[in-house]
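Single-letter residue listing:
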Amino acid sequence: DEVVGKNESILSDKATPLKIYHDLWKNITSGEVWHGRLVNRRKDRSKYLADLTVVPVMGDDGYVLHYMGMHRDVTDLHQLERKVKNQDALISSVIEAAPVVIVLVDTAGRVAFSNPAYKDLRREMDGLEVSDRFIGALKESLSQDLADMCAKGFDFAAVEVGVKSSAGDTRWFACSATKVEGQDMSAAGYFAGDGTCGLLLVANVITHQRRRYEQARTNAVRAMMAEQQMVQGMRE
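An account of the accompanying structure is given in this report.

**Description of the overall build of the chain**
Across its full length, the chain carries six helices and eight strands. Listing the helices and strands of the chain from first to last along the sequence gives α-β-β-β-α-β-β-α-α-α-β-β-β-α. When the accessible surface of the chain is split by element, carbon and sulfur atoms take 55% of a total near 16400 Å².

**Topic: the side chain of Asn115**
Along the polypeptide, Asn115 turns up in the loop between strand S5 (111-114) and helix H3 (116-124). Judged by its relative accessible area of 0%, Asn115 falls in the buried class. Separated by 3.0 Å, the side chain of Asn115 and the backbone nitrogen of Ile102 make a polar contact. Excluding anything up to four places from it in sequence, Asn115 contacts Ile95, Ala98, Val100, Val101 and Ile102.

**Considerations on the sheet that holds strand S1 (residues 34-41)**
One open sheet accounts for three strands, arranged S1-S2-S3; its pairing is antiparallel. What marks the edges here is a single partner per strand, and that holds for S1 and strand S3 (64-73). Ignoring which end each strand starts from, the neighbouring axes of this sheet average 35° apart. Relative to strand S2 (residues 47-58), S1 runs antiparallel, the two being bridged by eight bridges. Among the inter-strand pairings, Arg41 is bridged to a residue of S2, identified as Lys47.

**Some words on the packing of aromatic side chains**
Per the stated rule, a full pass over the model turns up one aromatic pair. Ring plane angle 90° and centroid distance 5.6 Å describe the contact between Trp25 and Tyr67, whose orientation is recorded as edge-to-face. Of the two residues, Trp25 sits in helix H1 (residues 18-29) while Tyr67 sits in strand S3, which places them 42 residues apart along the sequence. The class of Tyr67 is partly exposed, set by a relative accessible area of 34%.

**Digging into the nonpolar core**
Ranked by size, the top nonpolar core spans 19 residues in total, and within it Val101, Leu121, Phe134, Phe173 and Leu201 carry the most contacts. Contributing elements (two or more residues each) for this core: strand S4 (101-106), H3, helix H4 (130-142), strand S6 (156-164), strand S7 (170-183) and strand S8 (195-205). Apart from residues no more than four positions distant in its own chain, Val101 is found in contact with Asn115, Ala117, Tyr118, Leu121, Phe134, Leu201, Val202 and Ala203.

**Quick word on the pairing of S5**
Looking at chain direction, S4 and S5 are connected through three bridges and run antiparallel. Bridge pairing in S5 places Leu104 opposite Phe113. Hairpin geometry of S4 and S5 is characterised by an intervening segment of four residues between the two adjacent antiparallel strands and by a positive phi of about 90° at Gly109.

How each quantity is defined
- Residues numbered from 1 in each chain as written.
- Predicted model: local features only at pLDDT ≥ 70, side-chain atom pairs only at ≥ 80, totals over all residues.
- Heavy atoms only, no water.
- Helix = DSSP H or I, 4+ residues; strand = E, 2+ residues; numbered from the N terminus.
- Areas by Shrake-Rupley, 256 points an atom, 1.4 Å probe, with all protein chains shown as cover.
- Buried < 20%, exposed > 50% of the residue type's maximum accessible area, 1.4 Å probe, protein only.
- Polar contact = N/O pair within 3.5 Å; in protein donor to acceptor, adjacent residues only side chain to side chain.
- Contact = heavy atoms within 4.5 Å.
- Pairing = 2+ DSSP bridges.
- Axes fitted to C-alpha atoms, helices over the stretch in contact; angles between N-to-C directions.
- Phe/Tyr/Trp six-rings, centres within 6.5 Å; stacked < 30°, edge-to-face > 60°.
- Core = buried A, V, L, I, M, F, W, Y, C linked by side-chain atoms within 4.5 Å.

And the structure:
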């Protein structure tokens, strides 16, 4: 009763650009269907995002008699989409700028995602897939493969791994990993609970620290041997 006989513009809000209204009327007056989104107002003057489809209703003579508009409030959906995009942009920025190597691999060892630091390391290692070397070294250190880690939800942190380049030099990394589960996004997988499992590897280069440690240990051994020689000399 409150809206019958009134112009449909009572729903309109100035937040919608005029160009959209122009396109809308251009389409429907030409007898075409228009679909898009408008910022509309509720009775309490609050704004909402309307997903709108306008269909011209034609008479027997081919002229437009009425316009049928189907509105759907998609404010919550819009907010969720923007939230996901904002979170994705934030996570991507953090990963891209991270000074550590980050790589996501599936249970078969295939790389699903990697950051610039990983790509730089791959180039430095003569284009070889560094993740294979990481996984091989981790299998030796932990005695578990990727499938076992996914099945058991096994995480680890700061496991030291040495990776040899084709030149023969060894680079050392402190590796951490966590299980990452992905949901099936296909329509067929809507009711299925099965998803994909991967391992997110984070590796920090510790070659210099390792070398300093090895040097310190070597110096300690030399000092101990010198002390033993001195004691032996005193005994003699």
